Amino acid sequence: MTTGPRVLGVDACRGGWVGVVLDDGPPTAHVARRFGDVVALASAGGPVAVVGVDIPIGLPRTGRRAADVLAKAAVGPLRSSVFLTPVRAALVAPDHATAVAVNRELAGEGTSIQAYGLRHRVLEVEAYAADAGHPVLEVHPEVVFAHLNGAPLTVRKPTWAGAALRHRLLADQGVTLDGDLGLAGQDAAVDDVLDAAAVAWTARRAAAGTARSLPDPPEDLGDGTTAAIWV
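Presented here is a report on the structure given in the accompanying data block. (Residues numbered from 1 in each chain as written. Predicted model: local features only at pLDDT ≥ 70, side-chain atom pairs only at ≥ 80, totals over all residues. Heavy atoms only, no water.)

1. So, the overall build of the protein chain
- Counting its regular elements, the protein chain contains nine helices and seven strands.
- Over its C-alpha atoms the protein chain spans a radius of gyration of 17 Å, differing by no more than 12% from the 17 Å that the globule rule assigns to 231 residues.
- In terms of overall dimensions, the protein chain has a C-alpha envelope of 50 × 35 × 35 Å along the principal axes.
- Looking at the protein chain as a whole, 49% of its 231 residues are labelled buried. (Helix = DSSP H or I, 4+ residues; strand = E, 2+ residues; numbered from the N terminus. Rg over C-alpha atoms; globule rule 2.2 N^0.38 Å. Buried < 20%, exposed > 50% of the residue type's maximum accessible area, 1.4 Å probe, protein only.)

See the structure below:
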């Protein structure tokens, strides 16, 4: 059982986006093709105070984001799960080859096809957050799980042991994921739901004013925006 304001944690999934809602009752979940639609479904039971999402928020103009570097250090052995966010000019490039060239020029290194592949989701969340009317925070689930575990995890989330460990870490915090959560027949894998729940846990901390940012304070990107991964 959770307590406090209604919050939402969101992660990308095969069906689009999956969101886990934490409020005064058991966790529930929703899947929708569009990010804003997941928030709308979650808000049907009452307005959400904070939305967390596992997607970069705040694109650098040059160089690496401090948030990504600190997140990699925080997750240790599973650091490959943290993508280095491309510079904005690379993310809006027409193809991956161009993105690599642009990022190499502006950041001194190329960018992975996985990071470039997130471009539509990154820009979708950026557009939503611009006039959301409530905080939309970037959260990396593996950073959350390392925090809850008191040390970086060493087992990956798609494995049985990895899923069981993450499920237990959430349950120890009162985030008990039982039943189908309303997701029967939906395109959301087990690790997607666990990740969304971890993000929701941080959103709940943010609503209570106890979340902390990597870096602290958030990095000033020099164009009126900031970047931080919250936990």
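And the narrative resumes.
2. Some remarks on the environment of H147
- Relative to the assigned elements, H147 resides in helix α7 (residues 141–149).
- Here H147 falls in the partly exposed class, since its relative accessible area comes to 33%.
- For the pair formed by H147 and V75, sequence separation is 72 residues and the distance between their alpha carbons is 8.9 Å.
- Contacts of H147, omitting those with residues within four sequence positions, involve W201, R205, R212 and V231. (Contact = heavy atoms within 4.5 Å.)

From the geometry alone we can't say anything about function, so treat these as descriptive.
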